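Spelled out, the chains give:
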Amino acid sequence: MTTVKPNNDNKHDKENNKDTIYSEPLGKVADFVFDKSVVNVFPDMIKRSVPGYSTIVHMIGQFAERYNQSGSKCYDLGCSLGAATLAMRHRITAADTHIVAVDNSADMVERCRQVIDADSAEVPVELIHDDILKVEITNASVCVLNFTLQFIPLKQRQQLLTKIYQGMLPGGILIISEKLKFSNNHHNELMTEFHHYFKKTNGYSDMEIAQKRNAIENVLIPESFDVHRQRLEDIGFKNTELWFQCFNFSSFITFKQ
Ligand code: GEK
């Protein structure tokens, strides 16, 4: 079997930026990458695939409004097209605060720049094309990993979160949204089934769901909430709590005191 790169060929769907990347049968499905074909359909893809995504993005704005500190930075790590950046940008009120948005996909960053330039809010945004494992984090009052940590190799997650902790100010908040896995197999399968049904009711076919699952399985590695919390508390974060969950999608907050 040959490995076929998925494509987005239907003219009507293309014009509507509809995600049809896995709508044709593929021989062997290649690992998922955040390239131009994904960038073109990303808002549609994430809205139809991640239950609660819009609510989570909106609430990131509310957290940023509450926790941003004068003269500090707010980081959007793995910013994609800047949804969380814009949510924060429109809610931050403290003087002399700016947002640092980082993504390692050149295609994402290029499109994100257009999105930010088209937005008229005043808070400055520094957009960086780099690996979040490499960027320096300093003077941070708000840090966001909105469905990004799950793409970081397991062995590097502790190192990344430690760097974030060290770069945060006392009183700062870290917001992490992740796909979860559950230790109870029955519950894990049930949540997976509910998630797939959510995608089906959003117009994805069984074949699209199955092919996307294959493409993502080596790339997106979920962990349980207990594993996330233990690692964060080992690093020094306090009061790690879930504030949102729908099936196997979650968002949690944790603090530097
Ligand atoms: C949103 N937060 O819409 N360094 C930088 N970026 C990375 C890395 C890395 N090592 N690994 C992955 N990414 C966004 C959604 S999407 C989630 C985040 C999803 C980037 C990757 O290029 C992609 O843009 C993003 O993390 C994950 O609020 O697609 O499920």
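Cut-offs used in this document
- Residues numbered from 1 in each chain as written.
- Predicted model: local features only at pLDDT ≥ 70, side-chain atom pairs only at ≥ 80, totals over all residues.
- Heavy atoms only, no water.
- Salt bridge = Lys/Arg side-chain N within 4 Å of Asp/Glu carboxyl O.
- Helix = DSSP H or I, 4+ residues; strand = E, 2+ residues; numbered from the N terminus.
- Buried < 20%, exposed > 50% of the residue type's maximum accessible area, 1.4 Å probe, protein only.
- Disulfide = S-S within 2.5 Å.
- Pairing = 2+ DSSP bridges.
- Axes fitted to C-alpha atoms, helices over the stretch in contact; angles between N-to-C directions.
- Contact = heavy atoms within 4.5 Å.

Engineer: Before we move on, could you go through the pattern of salt bridges and cite the residues and values that matter?
Structural biologist: Applying the stated criterion across every chain yields a total of 9 salt bridges. Residues E223 and R157 are paired through a salt bridge, measuring 2.8 Å at the closest nitrogen-oxygen approach. Taken together, the positions of E223 in the loop between α8 (206-216) and α9 (225-235) and R157 in helix α6 (residues 154-167) put the pair 66 residues apart, joining distant regions of the chain. Each member of the pair E223 and R157 is classed as buried. The network of salt bridges with shared partners includes K36, D107 and E110.

Engineer: A description of the state of the cysteines should follow, citing residues and the corresponding values.
Structural biologist: Overall, the coordinates contain 0 disulfides when judged by the stated rule. Unpaired in this structure, C79 has its nearest cysteine sulfur neighbour in C112, at a distance of 4.3 Å. For C79, a relative accessible area of 4% translates into the label buried.

Engineer: Please give an account of the sheet that holds strand β9 (residues 249-255) that cites residues and values.
Structural biologist: Taken in spatial order, the 7 strands of this open sheet run β5-β4-β3-β6-β7-β9-β8, and their pairing is mixed. The sheet terminates laterally at β5 (125-129) and β8 (238-246), the two strands that pair on one side only. Averaged over all adjacent pairs, the angle separating strand axes in this sheet is 15°, with direction ignored. Summarising the sheet, strand β3 (residues 73-77) and strand β6 (residues 140-146) pair through 4 bridges and their orientation is parallel. When the bridges of β6 are listed, K73 appears paired with A140. Sitting on the sheet, helix α5 (residues 106-117) touches β4 (98-103) and β5, and the angle it makes with β5 is about 165°. Contacts between α9 and the sheet are confined to β7 (168-179), β8 and β9, with β8 contributing the most and set at about 155° to the helix.

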